[in-house]
Amino acid sequence: MSARIGETVSAVEGLNSPLARSCHVGNNTSNVWGMLSMFPNSFLLLYDHTVYSLDENCFPWLVLDSKGSIANCYDHKGNPASSWNGCAVNHHLKTMERKPNILNYGIYAEHEGVDLFTWHYNQISSLSNRLNGSEVLTDSQALLQDIELLSSVITYSAENKALDLLFNRWVSISKRGNTTIQSISDIAYKNGEVQITVHDHGKVFSGRADKLIHLFVENISIVANRTSAGERAVISGYPWFTLGFAYIVTTMREAKLSPAQKDFYHAGGSSSQYYINNQVFQSEFTRLWTHLGNEGFLPSDGQLSMIPTFCCQLFATSQQGKSYINQLLDIWDDFCSRNAEQIELLVDELSVATSPSDAAASATTLLNPNQKKEIKSIVLLFNGVDKNKLPVAHISQVNRINYNKFGAPMKCFFQTDFFWPRDLQNYSWANIELFLKVISELFCDDPEAW
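Residues numbered from 1 in each chain as written. Predicted model: local features only at pLDDT ≥ 70, side-chain atom pairs only at ≥ 80, totals over all residues. Heavy atoms only, no water.

Draft legend 1. Region of the structure containing the overall build of the chain. Along the chain, the regular secondary structure elements total 15 helices and 14 strands. In terms of C-alpha radius of gyration, the chain reaches 22 Å, essentially the compact-globule figure of 22 Å for 450 residues. Taking the principal axes of its C-alpha atoms as reference, the chain extends roughly 70 × 50 × 35 Å. The proportion of buried residues among the 450 residues of the chain is 59%. Here the analysis covers contacts within the chain between residues at least 6 apart in sequence; of these, 73% occur between residues at least 24 apart. Carbon together with sulfur atoms contributes 46% to the accessible area of the chain, which is approximately 18,500 Å² in total. (Helix = DSSP H or I, 4+ residues; strand = E, 2+ residues; numbered from the N terminus. Rg over C-alpha atoms; globule rule 2.2 N^0.38 Å. Buried < 20%, exposed > 50% of the residue type's maximum accessible area, 1.4 Å probe, protein only. Contact = heavy atoms within 4.5 Å. Areas by Shrake-Rupley, 256 points an atom, 1.4 Å probe, with all protein chains shown as cover.)

Next up, the structure:
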(Lines give C-alpha, C1' and ligand atoms only; values in the text may rest on other atoms or scores of the structure.)
Protein backbone atom coordinates (compact mmCIF):
# COMPACT_ATOMS: atom_id res chain seq x y z
CA MET A 1 0.00 0.00 0.00
CA SER A 2 3.04 2.27 0.03
CA ALA A 3 2.87 2.99 -3.73
CA ARG A 4 1.44 6.27 -4.90
CA ILE A 5 -2.05 6.07 -6.34
CA GLY A 6 -1.02 7.69 -9.64
CA GLU A 7 1.86 5.24 -10.13
CA THR A 8 -0.54 2.31 -9.82
CA VAL A 9 -3.10 3.86 -12.17
CA SER A 10 -0.37 4.37 -14.81
CA ALA A 11 0.90 0.80 -14.41
CA VAL A 12 -2.58 -0.67 -14.82
CA GLU A 13 -3.37 1.46 -17.87
CA GLY A 14 -0.30 -0.02 -19.55
CA LEU A 15 -1.45 -3.64 -19.12
CA ASN A 16 -2.82 -5.72 -21.99
CA SER A 17 -5.58 -7.11 -19.76
CA PRO A 18 -8.05 -5.03 -17.73
CA LEU A 19 -7.63 -4.93 -13.96
CA ALA A 20 -10.01 -7.25 -12.11
CA ARG A 21 -11.69 -5.73 -9.07
CA SER A 22 -13.20 -8.57 -7.07
CA CYS A 23 -16.35 -7.95 -5.06
CA HIS A 24 -19.59 -9.74 -4.27
CA VAL A 25 -22.93 -9.75 -6.03
CA GLY A 26 -25.12 -7.40 -4.02
CA ASN A 27 -25.07 -3.86 -2.64
CA ASN A 28 -21.75 -2.59 -3.94
CA THR A 29 -20.27 0.46 -2.29
CA SER A 30 -18.98 3.86 -3.42
CA ASN A 31 -15.33 2.81 -3.52
CA VAL A 32 -16.21 0.20 -6.16
CA TRP A 33 -17.65 2.86 -8.47
CA GLY A 34 -14.87 5.28 -7.68
CA MET A 35 -12.34 2.65 -8.69
CA LEU A 36 -14.00 2.05 -12.07
CA SER A 37 -13.91 5.80 -12.67
CA MET A 38 -10.27 6.08 -11.61
CA PHE A 39 -9.13 2.99 -13.58
CA PRO A 40 -10.60 3.03 -17.11
CA ASN A 41 -8.79 -0.26 -17.81
CA SER A 42 -10.71 -2.25 -15.18
CA PHE A 43 -13.77 -4.44 -14.68
CA LEU A 44 -15.72 -6.03 -11.83
CA LEU A 45 -15.22 -9.72 -11.10
CA LEU A 46 -18.18 -10.73 -8.95
CA TYR A 47 -17.71 -13.56 -6.47
CA ASP A 48 -20.92 -15.53 -6.83
CA HIS A 49 -20.18 -18.04 -4.04
CA THR A 50 -20.83 -15.91 -0.95
CA VAL A 51 -22.34 -17.13 2.31
CA TYR A 52 -25.68 -15.96 3.71
CA SER A 53 -25.53 -14.30 7.15
CA LEU A 54 -21.71 -14.29 7.06
CA ASP A 55 -21.37 -11.98 4.05
CA GLU A 56 -20.66 -8.60 5.63
CA ASN A 57 -19.65 -7.06 2.32
CA CYS A 58 -22.62 -6.79 -0.04
CA PHE A 59 -25.64 -8.48 1.61
CA PRO A 60 -27.33 -9.84 -1.54
CA TRP A 61 -30.48 -10.79 0.41
CA LEU A 62 -31.00 -7.07 1.15
CA VAL A 63 -31.63 -3.89 -0.80
CA LEU A 64 -29.93 -1.02 1.02
CA ASP A 65 -30.73 2.67 1.11
CA SER A 66 -28.37 5.44 2.26
CA LYS A 67 -26.15 5.09 5.31
CA GLY A 68 -26.65 1.33 5.43
CA SER A 69 -30.37 1.51 6.13
CA ILE A 70 -32.32 -1.57 4.95
CA ALA A 71 -34.97 -0.77 2.33
CA ASN A 72 -35.98 -4.39 1.63
CA CYS A 73 -35.04 -7.61 3.40
CA TYR A 74 -35.57 -11.25 2.44
CA ASP A 75 -34.80 -14.40 4.42
CA HIS A 76 -32.80 -17.41 3.26
CA LYS A 77 -35.95 -18.92 1.74
CA GLY A 78 -36.58 -15.78 -0.32
CA ASN A 79 -39.56 -14.65 1.74
CA PRO A 80 -39.96 -10.95 2.56
CA ALA A 81 -38.72 -10.14 6.06
CA SER A 82 -40.16 -6.66 6.35
CA SER A 83 -39.59 -6.42 10.11
CA TRP A 84 -35.97 -5.55 9.25
CA ASN A 85 -36.88 -2.74 6.85
CA GLY A 86 -35.54 0.58 8.13
CA CYS A 87 -33.00 -1.07 10.45
CA ALA A 88 -29.25 -0.49 10.30
CA VAL A 89 -27.49 -3.17 8.30
CA ASN A 90 -24.96 -3.88 11.08
CA HIS A 91 -27.75 -4.41 13.61
CA HIS A 92 -29.36 -6.86 11.20
CA LEU A 93 -26.13 -8.78 10.63
CA LYS A 94 -25.36 -8.93 14.36
CA THR A 95 -28.75 -10.23 15.49
CA MET A 96 -30.16 -12.21 12.53
CA GLU A 97 -30.46 -15.99 12.62
CA ARG A 98 -27.21 -17.55 11.46
CA LYS A 99 -27.22 -19.95 8.51
CA PRO A 100 -23.46 -20.24 7.99
CA ASN A 101 -23.38 -22.80 5.15
CA ILE A 102 -26.06 -21.43 2.82
CA LEU A 103 -24.91 -19.76 -0.40
CA ASN A 104 -26.53 -16.50 -1.43
CA TYR A 105 -27.00 -17.51 -5.05
CA GLY A 106 -29.38 -20.22 -3.79
CA ILE A 107 -31.78 -17.61 -2.38
CA TYR A 108 -34.68 -17.01 -4.76
CA ALA A 109 -36.60 -13.85 -3.92
CA GLU A 110 -38.65 -11.61 -6.19
CA HIS A 111 -37.82 -7.90 -6.13
CA GLU A 112 -39.44 -5.44 -8.52
CA GLY A 113 -40.61 -8.38 -10.62
CA VAL A 114 -37.10 -9.84 -10.98
CA ASP A 115 -35.12 -12.46 -9.09
CA LEU A 116 -33.27 -10.48 -6.39
CA PHE A 117 -29.80 -11.94 -7.09
CA THR A 118 -30.25 -11.17 -10.80
CA TRP A 119 -31.64 -7.71 -9.94
CA HIS A 120 -28.37 -6.93 -8.12
CA TYR A 121 -26.35 -8.33 -11.02
CA ASN A 122 -28.29 -6.18 -13.52
CA GLN A 123 -27.80 -3.03 -11.44
CA ILE A 124 -24.07 -3.66 -11.13
CA SER A 125 -23.74 -4.42 -14.84
CA SER A 126 -25.58 -1.27 -15.86
CA LEU A 127 -23.57 1.06 -13.61
CA SER A 128 -20.26 -0.57 -14.58
CA ASN A 129 -20.99 -0.04 -18.24
CA ARG A 130 -21.90 3.59 -17.62
CA LEU A 131 -18.73 4.38 -15.66
CA ASN A 132 -16.05 2.88 -17.90
CA GLY A 133 -17.78 0.76 -20.52
CA SER A 134 -16.71 -2.49 -18.83
CA GLU A 135 -18.48 -5.84 -18.81
CA VAL A 136 -19.16 -7.43 -15.44
CA LEU A 137 -18.23 -11.08 -15.03
CA THR A 138 -19.12 -13.44 -12.22
CA ASP A 139 -16.63 -16.10 -11.16
CA SER A 140 -18.58 -18.75 -13.01
CA GLN A 141 -18.92 -16.70 -16.20
CA ALA A 142 -15.20 -15.89 -16.22
CA LEU A 143 -14.26 -19.54 -15.70
CA LEU A 144 -16.33 -20.64 -18.67
CA GLN A 145 -14.36 -18.22 -20.87
CA ASP A 146 -11.11 -19.94 -19.87
CA ILE A 147 -12.27 -23.49 -19.36
CA GLU A 148 -9.47 -25.00 -21.45
CA LEU A 149 -6.85 -23.35 -19.27
CA LEU A 150 -8.67 -24.35 -16.07
CA SER A 151 -9.03 -27.95 -17.27
CA SER A 152 -5.27 -28.14 -17.83
CA VAL A 153 -4.62 -26.82 -14.32
CA ILE A 154 -7.01 -29.35 -12.74
CA THR A 155 -5.45 -32.23 -14.70
CA TYR A 156 -1.92 -31.15 -13.77
CA SER A 157 -2.86 -30.72 -10.11
CA ALA A 158 -4.54 -34.12 -9.95
CA GLU A 159 -1.46 -35.78 -11.48
CA ASN A 160 0.70 -34.09 -8.83
CA LYS A 161 -1.70 -34.80 -5.95
CA ALA A 162 -2.15 -31.08 -5.34
CA LEU A 163 -5.88 -30.48 -5.87
CA ASP A 164 -6.08 -29.18 -2.29
CA LEU A 165 -4.30 -26.04 -3.55
CA LEU A 166 -7.24 -25.39 -5.89
CA PHE A 167 -10.27 -26.68 -4.01
CA ASN A 168 -11.18 -26.70 -0.32
CA ARG A 169 -14.99 -26.59 -0.37
CA TRP A 170 -17.87 -28.60 -1.83
CA VAL A 171 -21.20 -27.16 -3.03
CA SER A 172 -24.39 -29.21 -2.95
CA ILE A 173 -28.14 -28.95 -2.31
CA SER A 174 -29.25 -30.14 1.13
CA LYS A 175 -32.28 -32.30 1.88
CA ARG A 176 -34.13 -29.11 2.84
CA GLY A 177 -33.44 -27.62 -0.57
CA ASN A 178 -30.78 -25.12 0.52
CA THR A 179 -27.69 -24.56 -1.62
CA THR A 180 -24.88 -25.24 0.85
CA ILE A 181 -21.10 -25.10 0.92
CA GLN A 182 -19.04 -27.41 3.14
CA SER A 183 -15.34 -27.78 3.86
CA ILE A 184 -13.55 -30.62 2.09
CA SER A 185 -11.92 -32.80 4.73
CA ASP A 186 -9.78 -34.98 2.46
CA ILE A 187 -8.67 -35.39 -1.15
CA ALA A 188 -7.15 -38.83 -1.77
CA TYR A 189 -5.51 -40.33 -4.87
CA LYS A 190 -5.76 -44.03 -5.69
CA ASN A 191 -5.16 -45.95 -8.93
CA GLY A 192 -5.34 -42.81 -11.05
CA GLU A 193 -8.58 -41.64 -9.45
CA VAL A 194 -9.45 -38.78 -7.13
CA GLN A 195 -11.60 -39.27 -4.05
CA ILE A 196 -13.07 -36.22 -2.29
CA THR A 197 -14.53 -36.46 1.21
CA VAL A 198 -16.59 -33.85 3.05
CA HIS A 199 -16.81 -33.86 6.83
CA ASP A 200 -20.16 -35.33 8.03
CA HIS A 201 -21.14 -36.11 4.42
CA GLY A 202 -18.64 -38.83 3.52
CA LYS A 203 -17.29 -39.38 0.02
CA VAL A 204 -18.83 -36.93 -2.46
CA PHE A 205 -16.70 -37.71 -5.52
CA SER A 206 -14.71 -40.61 -6.91
CA GLY A 207 -13.27 -40.71 -10.41
CA ARG A 208 -10.57 -39.59 -12.78
CA ALA A 209 -9.63 -35.95 -13.35
CA ASP A 210 -11.62 -35.71 -16.59
CA LYS A 211 -14.77 -36.73 -14.72
CA LEU A 212 -14.11 -34.05 -12.10
CA ILE A 213 -13.61 -31.44 -14.84
CA HIS A 214 -16.84 -32.45 -16.54
CA LEU A 215 -18.72 -32.24 -13.23
CA PHE A 216 -17.25 -28.84 -12.49
CA VAL A 217 -17.99 -27.36 -15.93
CA GLU A 218 -21.52 -28.75 -15.96
CA ASN A 219 -22.36 -27.15 -12.62
CA ILE A 220 -20.71 -23.76 -13.03
CA SER A 221 -22.54 -23.42 -16.35
CA ILE A 222 -25.76 -23.77 -14.37
CA VAL A 223 -24.59 -21.20 -11.81
CA ALA A 224 -23.54 -18.72 -14.50
CA ASN A 225 -26.97 -18.97 -16.11
CA ARG A 226 -28.67 -18.70 -12.73
CA THR A 227 -27.09 -15.30 -12.08
CA SER A 228 -27.75 -13.71 -15.47
CA ALA A 229 -31.17 -15.26 -16.18
CA GLY A 230 -32.56 -15.66 -12.66
CA GLU A 231 -33.31 -19.35 -13.15
CA ARG A 232 -33.19 -21.86 -10.30
CA ALA A 233 -29.82 -23.62 -10.19
CA VAL A 234 -30.39 -27.36 -9.85
CA ILE A 235 -26.79 -28.37 -9.23
CA SER A 236 -25.52 -31.91 -8.60
CA GLY A 237 -22.51 -31.04 -6.41
CA TYR A 238 -19.07 -29.69 -7.31
CA PRO A 239 -15.81 -28.48 -5.73
CA TRP A 240 -15.10 -24.80 -5.17
CA PHE A 241 -11.96 -22.72 -4.88
CA THR A 242 -9.53 -21.82 -2.18
CA LEU A 243 -9.31 -18.06 -1.71
CA GLY A 244 -5.79 -17.96 -3.15
CA PHE A 245 -6.81 -19.77 -6.31
CA ALA A 246 -9.80 -17.46 -6.76
CA TYR A 247 -7.31 -14.59 -7.06
CA ILE A 248 -4.87 -16.50 -9.26
CA VAL A 249 -7.38 -17.67 -11.89
CA THR A 250 -7.50 -14.16 -13.37
CA THR A 251 -3.72 -13.89 -13.13
CA MET A 252 -3.25 -17.09 -15.12
CA ARG A 253 -5.42 -15.67 -17.88
CA GLU A 254 -3.28 -12.53 -17.99
CA ALA A 255 -0.06 -14.57 -18.01
CA LYS A 256 -1.30 -16.60 -20.95
CA LEU A 257 -2.16 -13.45 -22.94
CA SER A 258 1.08 -11.65 -21.98
CA PRO A 259 3.86 -14.27 -21.55
CA ALA A 260 6.53 -11.64 -20.80
CA GLN A 261 4.57 -10.01 -17.99
CA LYS A 262 5.99 -10.41 -14.47
CA ASP A 263 4.01 -7.89 -12.42
CA PHE A 264 0.31 -8.59 -11.95
CA TYR A 265 -2.40 -6.67 -10.10
CA HIS A 266 -5.70 -7.45 -8.47
CA ALA A 267 -7.96 -4.79 -6.96
CA GLY A 268 -9.35 -5.77 -3.58
CA GLY A 269 -12.08 -4.44 -1.35
CA SER A 270 -12.16 -2.87 2.07
CA SER A 271 -10.51 -5.78 3.92
CA SER A 272 -8.67 -7.72 1.19
CA GLN A 273 -5.44 -5.80 1.67
CA TYR A 274 -5.38 -6.89 5.32
CA TYR A 275 -6.31 -10.58 5.39
CA ILE A 276 -3.77 -11.30 2.65
CA ASN A 277 -1.08 -10.35 5.20
CA ASN A 278 -2.04 -13.34 7.32
CA GLN A 279 0.92 -15.72 7.49
CA VAL A 280 -1.20 -18.81 6.76
CA PHE A 281 -2.66 -17.19 3.65
CA GLN A 282 0.80 -16.03 2.56
CA SER A 283 2.25 -19.51 2.98
CA GLU A 284 -0.55 -21.23 1.05
CA PHE A 285 -0.47 -18.59 -1.68
CA THR A 286 3.28 -19.08 -2.14
CA ARG A 287 2.82 -22.86 -2.40
CA LEU A 288 0.10 -22.38 -5.01
CA TRP A 289 2.14 -19.92 -7.09
CA THR A 290 5.17 -22.23 -7.01
CA HIS A 291 3.00 -25.19 -8.01
CA LEU A 292 1.54 -23.36 -11.00
CA GLY A 293 4.87 -21.75 -11.89
CA ASN A 294 6.55 -25.15 -12.15
CA GLU A 295 4.31 -26.00 -15.11
CA GLY A 296 4.42 -22.56 -16.72
CA PHE A 297 0.88 -21.47 -15.89
CA LEU A 298 2.46 -18.50 -14.11
CA PRO A 299 5.95 -16.97 -14.34
CA SER A 300 7.92 -18.52 -11.49
CA ASP A 301 9.55 -15.15 -10.80
CA GLY A 302 6.31 -13.14 -11.11
CA GLN A 303 4.31 -11.47 -8.37
CA LEU A 304 0.73 -10.40 -7.67
CA SER A 305 0.09 -7.07 -5.94
CA MET A 306 -3.21 -6.27 -4.24
CA ILE A 307 -4.47 -2.74 -4.92
CA PRO A 308 -6.32 -1.44 -1.83
CA THR A 309 -9.16 0.43 -3.52
CA PHE A 310 -11.12 1.41 -0.40
CA CYS A 311 -9.85 5.01 -0.67
CA CYS A 312 -11.35 5.29 -4.16
CA GLN A 313 -14.48 6.46 -2.35
CA LEU A 314 -12.93 9.92 -1.82
CA PHE A 315 -14.71 11.55 -4.75
CA ALA A 316 -17.48 14.11 -5.12
CA THR A 317 -20.47 14.33 -7.42
CA SER A 318 -20.49 18.14 -7.43
CA GLN A 319 -17.93 20.93 -7.64
CA GLN A 320 -18.95 22.18 -4.20
CA GLY A 321 -18.49 18.69 -2.77
CA LYS A 322 -15.06 18.56 -4.38
CA SER A 323 -14.07 21.81 -2.65
CA TYR A 324 -15.00 20.32 0.73
CA ILE A 325 -12.84 17.24 0.07
CA ASN A 326 -9.97 19.56 -0.83
CA GLN A 327 -10.46 21.32 2.51
CA LEU A 328 -10.32 17.96 4.30
CA LEU A 329 -7.07 17.14 2.51
CA ASP A 330 -5.62 20.52 3.52
CA ILE A 331 -6.26 19.68 7.18
CA TRP A 332 -4.83 16.19 6.71
CA ASP A 333 -1.71 17.52 4.98
CA ASP A 334 -1.03 19.94 7.82
CA PHE A 335 -1.66 17.20 10.38
CA CYS A 336 0.70 14.75 8.61
CA SER A 337 3.38 17.44 8.33
CA ARG A 338 3.22 18.19 12.06
CA ASN A 339 3.26 14.49 12.96
CA ALA A 340 5.45 13.20 10.15
CA GLU A 341 7.38 10.54 12.06
CA GLN A 342 4.33 9.02 13.74
CA ILE A 343 2.24 9.04 10.55
CA GLU A 344 5.03 7.41 8.57
CA LEU A 345 5.17 4.60 11.13
CA LEU A 346 1.38 4.14 11.07
CA VAL A 347 1.31 4.11 7.26
CA ASP A 348 4.01 1.42 7.28
CA GLU A 349 2.00 -0.49 9.89
CA LEU A 350 -1.07 -0.53 7.63
CA SER A 351 0.98 -2.06 4.82
CA VAL A 352 1.67 -5.23 6.82
CA ALA A 353 -1.30 -5.32 9.21
CA THR A 354 -4.02 -7.96 9.28
CA SER A 355 -6.44 -5.35 10.67
CA PRO A 356 -6.31 -1.54 10.52
CA SER A 357 -7.93 -1.00 13.94
CA ASP A 358 -4.84 -0.14 15.97
CA ALA A 359 -3.34 2.21 13.39
CA ALA A 360 -6.63 4.06 12.96
CA ALA A 361 -7.08 4.53 16.69
CA SER A 362 -3.47 5.67 17.16
CA ALA A 363 -3.70 8.26 14.39
CA THR A 364 -6.96 9.63 15.76
CA THR A 365 -5.45 10.23 19.21
CA LEU A 366 -2.85 12.51 17.60
CA LEU A 367 -5.53 14.96 16.45
CA ASN A 368 -6.12 17.98 18.68
CA PRO A 369 -9.73 18.99 19.59
CA ASN A 370 -9.85 21.78 17.01
CA GLN A 371 -8.74 19.45 14.19
CA LYS A 372 -11.35 16.87 15.18
CA LYS A 373 -14.07 19.52 15.27
CA GLU A 374 -13.03 20.98 11.93
CA ILE A 375 -12.90 17.60 10.15
CA LYS A 376 -16.34 16.62 11.44
CA SER A 377 -17.79 19.99 10.46
CA ILE A 378 -16.50 19.77 6.88
CA VAL A 379 -17.68 16.17 6.50
CA LEU A 380 -21.20 17.22 7.46
CA LEU A 381 -21.05 20.15 5.03
CA PHE A 382 -19.95 17.72 2.29
CA ASN A 383 -22.85 15.39 3.08
CA GLY A 384 -25.25 18.32 2.82
CA VAL A 385 -24.38 19.12 -0.80
CA ASP A 386 -23.14 15.88 -2.35
CA LYS A 387 -24.72 12.58 -3.37
CA ASN A 388 -21.64 10.75 -2.13
CA LYS A 389 -21.46 10.45 1.66
CA LEU A 390 -18.86 10.20 4.40
CA PRO A 391 -17.91 8.56 6.65
CA VAL A 392 -17.78 5.06 5.25
CA ALA A 393 -15.82 2.43 7.11
CA HIS A 394 -15.12 -1.26 7.21
CA ILE A 395 -13.05 -3.34 9.55
CA SER A 396 -13.93 -7.01 9.33
CA GLN A 397 -16.10 -8.24 12.22
CA VAL A 398 -15.84 -4.93 14.09
CA ASN A 399 -18.31 -4.71 16.96
CA ARG A 400 -19.78 -1.27 16.14
CA ILE A 401 -23.41 -1.06 15.11
CA ASN A 402 -23.05 2.27 13.25
CA TYR A 403 -19.71 1.51 11.60
CA ASN A 404 -20.45 0.60 7.95
CA LYS A 405 -19.31 1.29 4.40
CA PHE A 406 -22.68 2.09 2.83
CA GLY A 407 -22.65 5.87 2.76
CA ALA A 408 -24.53 6.25 -0.54
CA PRO A 409 -26.57 3.55 -2.31
CA MET A 410 -25.77 2.53 -5.87
CA LYS A 411 -28.84 4.30 -7.24
CA CYS A 412 -27.20 7.67 -6.46
CA PHE A 413 -24.49 7.19 -9.07
CA PHE A 414 -26.50 6.41 -12.21
CA GLN A 415 -27.10 10.04 -13.17
CA THR A 416 -24.04 11.87 -11.95
CA ASP A 417 -20.41 12.68 -12.75
CA PHE A 418 -17.42 11.97 -10.52
CA PHE A 419 -15.10 14.78 -9.43
CA TRP A 420 -11.74 13.92 -7.87
CA PRO A 421 -9.99 16.18 -5.33
CA ARG A 422 -6.75 17.89 -6.23
CA ASP A 423 -3.57 15.84 -6.29
CA LEU A 424 -5.21 12.69 -4.89
CA GLN A 425 -3.02 10.51 -7.11
CA ASN A 426 0.11 11.96 -5.45
CA TYR A 427 -0.80 10.34 -2.13
CA SER A 428 0.03 6.78 -1.20
CA TRP A 429 -2.82 4.29 -0.91
CA ALA A 430 -2.06 3.71 2.77
CA ASN A 431 -1.99 7.42 3.59
CA ILE A 432 -5.51 8.04 2.26
CA GLU A 433 -6.70 4.76 3.78
CA LEU A 434 -5.47 5.96 7.15
CA PHE A 435 -7.21 9.32 6.69
CA LEU A 436 -10.55 7.67 5.91
CA LYS A 437 -10.18 5.41 8.93
CA VAL A 438 -9.52 8.48 11.09
CA ILE A 439 -12.68 10.17 9.81
CA SER A 440 -14.63 7.05 10.67
CA GLU A 441 -13.14 6.94 14.16
CA LEU A 442 -14.31 10.51 14.74
CA PHE A 443 -17.88 9.57 13.88
CA CYS A 444 -18.00 6.00 15.24
CA ASP A 445 -20.15 6.92 18.27
CA ASP A 446 -22.40 9.33 16.37
CA PRO A 447 -25.38 7.32 14.99
CA GLU A 448 -26.76 10.35 13.15
CA ALA A 449 -23.72 10.42 10.88
CA TRP A 450 -24.20 6.89 9.56
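Draft legend 2. The environment of Asp 146, seen in detail. Inspection of the secondary structure assignment puts Asp 146 in the loop between helix H5 (139–145) and helix H6 (147–159). Separated by 107 residues in the primary sequence, Asp 146 and Arg 253 place their C-alpha atoms 7.4 Å from one another. Side-chain polar atoms of Asp 146 contact the side chain of Arg 253, separated by 2.2 Å. (Polar contact = N/O pair within 3.5 Å; in protein donor to acceptor, adjacent residues only side chain to side chain.)

Draft legend 3. View of the state of the cysteines. With the rule as written, the count across this model stands at zero disulfides. Its sulfur unpaired, Cys 312 is 5.3 Å from the next cysteine sulfur, which belongs to Cys 311. For Cys 312, a relative accessible area of 0% corresponds to the buried category. A disulfide-free cysteine, Cys 444 has its sulfur positioned 20 Å from the sulfur of Cys 336, the nearest such atom. Taking relative accessible area as the criterion, Cys 444 reaches 12% and is therefore assigned buried. (Disulfide = S-S within 2.5 Å.)

Draft legend 4. Looking closely at helix H4 (residues 116–132). Taking 1.5 Å of rise per residue, 17 residues should cover 24 Å, and H4 covers 25 Å from first to last C-alpha, within 8% of that figure. Burial analysis of H4 places twelve of its 17 residues in the buried class, which makes it a mostly covered element. Within H4, the full set of buried residues consists of Leu 116, Phe 117, Thr 118, Trp 119, His 120, Tyr 121, Ile 124, Ser 125, Leu 127, Ser 128, Leu 131 and Asn 132. Here H4 starts with a cap whose side-chain oxygen sits 3.2 Å from the backbone nitrogen of Phe 117, and that cap is Asp 115. (Expected span 1.5 Å × (residues − 1).)

Draft legend 5. Summary view of H6. Compared with an ideal rise of 1.5 Å per residue, which puts 13 residues at 18 Å, H6 spans 18 Å between its outermost C-alpha atoms and is within 8% of the ideal. Taken together, the buried positions of H6 are occupied by Leu 149, Leu 150, Ser 151, Val 153, Ile 154, Tyr 156, Ser 157 and Ala 158. Positioned one or two residues after H6, Lys 161 has a phi angle of 50°, which is positive.

Draft legend 6. Just the environment of Thr 197, in detail. Relative to the elements of secondary structure, Thr 197 occurs in strand E10 (residues 193–198). Sequence-wise, Thr 197 and Ser 185 are twelve residues apart; in three dimensions their C-alpha atoms are separated by 5.7 Å. With sequence-adjacent residues up to four places away left out, Thr 197 is seen in contact with Ile 184, Ser 185, Asp 186, Gly 202 and Lys 203.

Draft legend 7. Spatial organisation of the environment of Gly 207. With respect to the secondary-structure elements, Gly 207 resides in strand E11 (residues 202–207). Assessed through its relative accessible area of 5%, Gly 207 is described here as buried. Note: C-alpha distance between Gly 207 and Glu 193 (14 residues apart in sequence) is 4.9 Å. Setting aside residues up to four positions removed in sequence, Gly 207 forms contacts with Glu 193 and Val 194.

Draft legend 8. Spatial organisation of the side chain of Thr 180. Along the chain, the position of Thr 180 falls in strand E9 (residues 179–190). Owing to a relative accessible area of 8%, Thr 180 belongs among the buried residues under this scheme. The contacts of Thr 180, once residues within four sequence positions are left out, are Asn 101, Ile 102, Leu 103, Trp 170, Val 171, Ser 172 and Ser 174.

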